[in-house]
There are 2 protein chains.
Amino acid sequence: VNTTNTHVAIISIGAELTTGQTVDANAAWLSRRAAELGLPTDRHLTVSDDRRAIADAVRNCADRAAIVLITGGLGPTADDLTRAALADVIGVELEYRPHLLARVEAFFKARRKTMPERNRVQAMFPVGSDAIENTAGTAPGIAARFSHTRIFAMPGVPREMRVMFDRDIAPVIRPLGGGQCILTSTVYTFGATESGVGQAIADLMARDANPLVGTTAADAVIGVRIIARGESPDAAAAMIAETRAELARRLGPIVFGVDDSRLAVPVAALLTESGATVSTAESCTGGLLAGALTDISGSSAYFLEGHVTYSNAAKSAVLGVPADLIDRHGAVSPHVAESMAAGCRVRAGSAYALSVTGVAGPTGGAPDKPVGLVYIGLAGPNGVDAREYRFGEHLTRAEIRDRSVKAALDRLRRRLMPTNGDNRDRVV
Amino acid sequence: VNTTNTHVAIISIGAELTTGQTVDANAAWLSRRAAELGLPTDRHLTVSDDRRAIADAVRNCADRAAIVLITGGLGPTADDLTRAALADVIGVELEYRPHLLARVEAFFKARRKTMPERNRVQAMFPVGSDAIENTAGTAPGIAARFSHTRIFAMPGVPREMRVMFDRDIAPVIRPLGGGQCILTSTVYTFGATESGVGQAIADLMARDANPLVGTTAADAVIGVRIIARGESPDAAAAMIAETRAELARRLGPIVFGVDDSRLAVPVAALLTESGATVSTAESCTGGLLAGALTDISGSSAYFLEGHVTYSNAAKSAVLGVPADLIDRHGAVSPHVAESMAAGCRVRAGSAYALSVTGVAGPTGGAPDKPVGLVYIGLAGPNGVDAREYRFGEHLTRAEIRDRSVKAALDRLRRRLMPTNGDNRDRVV
């Protein structure tokens, strides 16, 4: 048994988790909270509602961590077995605590309901353990010790778990963090590959470094995660700030955001700063570009109007794209993308206009115009142009639409950057 | 070592998971897929990018499961340690396989990029293991054996992991399922509360029943999950079909889909069946309604055009909403919603037109027009009307926009239903 570490292990209990019907978000939440107390999480373990499996998991984690946080299995039904499994591990019996039953009964009474008989089991506790009040539901939590490890069992209902952790468990385990504080932050980039980003910051990504730096890719956005451990919250925050600044220096204009992976956020800020307005003309993205631009509160200050012109007739009628231009080059062409953007800008009276036309698939591809071929037009005070993107036929329709929206937002972001990042696309 | 069980253990690797920066959805997905092969999952274990922790997790899981599925840690960077940890567990060296490097190089070449030097490590494999082709990314997977356990390591990128599992791993482990089959299906409803649905089907939700029935709520869509275990795929499929039919009888028109939670799916089917077309006029949803309607491949058959008219000027210029109507009733009013829908229908020449105008917040609310107040207009061959929705001030901007899109889609769905479900909203 490791008695000197301050590691946390998290156990999530429930068949709905091991069968995959529910994605466990409790473990991630608890990890973040524990880290803020200076207590790093070593492992998450998920097991089903099985008394032996739960006991086995508790033993496994107690061997490796100073603190074991358990969620789930405290409800009133036959498959709520955390109480019994904890008693098994500690080697004690369950005992009935009448005053705790009174609290469960009061919970129902306050809601003008009668307590079902089966809730009686929620007043059963391993001998020697402490009850933790549940202010948001019926199931009390359990605080127990096994060897040198402190064990806390909480309900699986996220709201009840969160209230209980913050109110009753965090104050108890905080001293184990030794005043240390771990803060995390993520710097988001667009326009480079994960390995390209990794190469540019390889020396910052040393293992066991503090701050610890790593990359993650999700839907073409590469995030650079920073985990800083400081002697105080201020010290950790300073390390985060310093690393962010270094990343900005190294990675340049591909960096677009911090702790928010939405490309529309910097676009909204740049538009608002400069007092510029934008409108959109979409074909294959079908409104998602406008949706992303208006995802930001206060977007009415810069977003004038958007048009989804799916049919060729709508492209002509709404945006004024000449029918013969479509006939000659096809709807998916740089010519039509430019004409859509230019026409949209004029009709909306906006400073900028973005257009998207492409083949989102899975049907509709052709040898010369394959699925994933997208043109993005950008019209502005200095004229209009279109760029070609090839997102690849291995992507799904939803992915091609997502990439197209991001590429369009990024075009406008770079155009609006004070240093005009538009002209230096290849950075990393 | 247990040599007779057919249990699966799943290991997710990544500091972004143990620190709580990312919620692990891979484990849930793999559990569902394994169950469909008759292979129940025993545990999920998540550890950070630490060679010893990964090796410890693999040993722990190999002791308890016949199949260990690993995701993550196969990338090209220094914190990708799954290859090394697997070699440690098996007790072999890593060897370089030039022909696999050629594949990684080809992946970059197809995208007109040069392979970064660091990707070379993706051609390193534990001696005696097999490479699994990655058709969606650069990192090949690894198939290995340790004692009696079969181990499969996949990339952590969900898309790459899913393709690799379905294409190369499922066929290999299927025989271990012994012909048993666990199938899952979810019936989706809109327009009722979770407890309302639960009450209507309480007798179907008995514990240990087969099929096992339960409810989950996500973003106002209530899903009814069915898990059926049969002696054959056909037997399990028959149980699923029977339960689905019973749910449809009990729940009526609130049921809108099976295994696809997108309300646009039945709308697209109903429009296509009847040969009808639709157009959209959006204010607070800013293009997301058009985005949802065009999320379905082949949507050009029924979707004519969409307009995002955020400003009052755009509402008048694009949709012909009389300026004095906006002056008298405000942009968020049933009158403007009706006028937007009617104007959109005329300009697009579509059979139906949907309009949305509301206060998505968090700013812009007023005592008489609070955040969450939304009007949805529907124009069709028999005229136009608008309905009022109050989504509540406790919802976020994104949630209010999401609920508005769903309510609009559901209005059209019910209008298009052969029995005209539009007139019987309160079912459960």
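Up top is the structure.
Note that the coordinates shown come from a computational prediction; the quantities given were computed from them, not determined experimentally.

With that settled, the discussion passes to the nonpolar core. Judged by nonpolar contacts, the single largest core of 59 residues is most densely connected at Ile-11, Val-58 and Ile-70 of chain A together with Ile-11, Val-58 and Ile-70 of chain B. Look past the residues within four positions of Ile-70 of chain B in its chain and what remains in contact with it is Ile-11, Ile-13, Val-58, Thr-82, Leu-86, Ile-151, Phe-152, Ala-153 and Met-154 of chain B.

Here we take up the layout of surface pockets. Empty space within the second largest pocket amounts to approximately 1000 Å³. Together, 35 residues line the second largest pocket, and His-7, Thr-41 and Asp-42 of chain A together with Ser-48 and Asp-50 of chain B are the ones closest to its centre. Sorting the residues of the lining of the second largest pocket by element identifies helix 2 (26-36), strand 2 (41-47), strand 9 (181-190), strand 10 (212-218) and strand 11 (221-230) of chain A together with helix 1 (15-18) and helix 3 (51-64) of chain B as the ones contributing at least two each. In terms of residue count, the dominant contributor to the lining of the second largest pocket is helix 3 of chain B (four residues). A class-by-class count of the residues in the lining of the second largest pocket yields eleven nonpolar, eleven polar and 13 charged.

Quick look at the packing of helix 9 (residues 264-274) of chain B against helix 14 (residues 397-416) of chain B now. When two helices pack together, their arrangement is given by the angle between the helix axes and the distance between those axes. All names here are of chain B. For the pair helix 9 and helix 14, the least separation of the axes is 9 Å and the interaxial angle reads 35°. As helix 9 runs across helix 14, the sense of the crossing is left-handed. On helix 14, the residues touching Ala-264, Pro-266, Val-267, Leu-270 and Leu-271 of helix 9 are Leu-409, Leu-412, Arg-413 and Leu-416.

Inspection of every chain in the model, using the stated rule, returns one cavity of 30 Å³ or more. Estimated volume of the largest cavity: approximately 190 Å³. When residues of the lining of the largest cavity are traced back to their parent elements, those giving at least two are helix 2 and strand 2 of chain A together with helix 2 (26-36) and strand 2 (41-47) of chain B. At three residues, the largest contribution of residues to the lining of the largest cavity is made by strand 2 of chain B.

Quick look at the pattern of salt bridges now. Pairing between side chains becomes possible if they bear opposite charge and their charged atoms approach one another. Applying the stated criterion across every chain yields a total of 52 salt bridges over all chains. Across the salt bridge formed by Glu-399 of chain A and Arg-159 of chain B, the nearest N and O atoms sit 3.2 Å from each other. Placement of Glu-399 of chain A in helix 14 (residues 397-416) and of Arg-159 of chain B in helix 6 (residues 158-173) is noted, with the two residues assigned to different chains. For Glu-399 of chain A, a relative accessible area of 13% puts it in the buried group. One salt bridge in this structure joins Arg-167 of chain B and Asp-168 of chain B, with 2.7 Å as the shortest N-O distance. Given the relative accessible area of 41%, Arg-167 of chain B is considered partly exposed. Take Asp-168 of chain B: its relative accessible area is 25%, and that puts it in the partly exposed class.

Quick look at the interface of chain B and chain A now. In this complex, chain B contributes 74 residues to the contact, which on the side of chain A involves 72 residues. Summed over both partners, the interface of chain B with chain A comes to about 5700 Å²; 49% of that surface belongs to carbon and sulfur atoms. Contact with chain A buries area across many residues of chain B, yet Gln-21, Arg-159 and Tyr-310 of chain B alone supply 10% of it, more than any other trio. Taken together, the links from chain B to chain A amount to six salt bridges. A salt bridge links Arg-225 of chain A to Glu-16 of chain B; its shortest N-O distance comes to 3.6 Å. In this assembly, chain B and chain A are joined by 36 residue pairs in polar contact (both at pLDDT 80 or more). Where strand 14 (residues 303-309) of chain A lies against strand 14 (residues 303-309) of chain B, five bridges are found, and the strand directions are antiparallel. When the bridges of strand 14 of chain B are listed, Thr-309 of chain A appears paired with Glu-305 of chain B.

Now for the sheet that holds strand 10 (residues 212-218) of chain B. Residue and element names in this part refer to chain B. Here we have four strands laid out as an open sheet, ordered 10-11-9-12, and antiparallel in their pairing. Each end of this open sheet is capped by a strand with a single partner; those strands are strand 10 and strand 12 (255-258). The mean inter-strand angle of the sheet, taken between neighbouring strand axes irrespective of direction, is 25°. Pairing of strand 9 (residues 181-190) with strand 11 (residues 221-230), which is carried by ten bridges, proceeds in the antiparallel orientation.

All names here are of chain B. With respect to burial, helix 2 is a largely interior element, eight of its eleven residues being buried. Here helix 2 has its buried residues at Asn-26, Ala-27, Ala-28, Trp-29, Leu-30, Ser-31, Ala-34 and Ala-35. Two residues or fewer after helix 2 comes Gly-38, characterised by a positive phi angle close to 80°.

Before going further, it helps to examine the sheet that holds strand 10 of chain A. Residue and element names in this part refer to chain A. If you trace the four strands from one edge of the open sheet to the other, you get 10-11-9-12, paired in antiparallel fashion. A single partner strand is all that each edge strand has here, and the edge strands are strand 10 and strand 12 (255-258). Across the sheet, the mean angle from the axis of one strand to that of its neighbour is 25°, orientation sign disregarded.

Now for the pairing of strand 11 of chain A. All names here are of chain A. Across the ten residues of strand 11, nine count as buried, placing the element largely inside the fold. Note that strand 10 and strand 11 share seven bridges and pair antiparallel. Residue Ala-218 lies in a different strand from strand 11, and its bridge partner there is Val-221. The antiparallel hairpin formed by strand 10 and strand 11 contains two residues in its connecting segment, where Asp-219 sits at a positive phi of about 55°.

So, how was this worked out
Residues numbered from 1 in each chain as written. Chains lettered and ligands numbered in written order. Predicted model: local features only at pLDDT ≥ 70, side-chain atom pairs only at ≥ 80, totals over all residues. Heavy atoms only, no water. Core = buried A, V, L, I, M, F, W, Y, C linked by side-chain atoms within 4.5 Å. Buried < 20%, exposed > 50% of the residue type's maximum accessible area, 1.4 Å probe, protein only. Contact = heavy atoms within 4.5 Å. 1 Å grid on protein atoms, 1.4 Å probe; cavity = no way out; pocket = protein on both sides within 12 Å on 5 of 7 lines; lining within 4 Å. Points joined across faces, edges and corners; volume = space filled by probe spheres on them. Helix = DSSP H or I, 4+ residues; strand = E, 2+ residues; numbered from the N terminus. Nonpolar A, V, L, I, M, F, W, Y, C, P; charged D, E, K, R; others polar. Axes fitted to C-alpha atoms, helices over the stretch in contact; angles between N-to-C directions. Left-handed = near helix turned anticlockwise from the far one by under 90°. Salt bridge = Lys/Arg side-chain N within 4 Å of Asp/Glu carboxyl O. Buried area = accessible area lost by both parts, 1.4 Å probe. Polar contact = N/O pair within 3.5 Å; in protein donor to acceptor, adjacent residues only side chain to side chain. Pairing = 2+ DSSP bridges.

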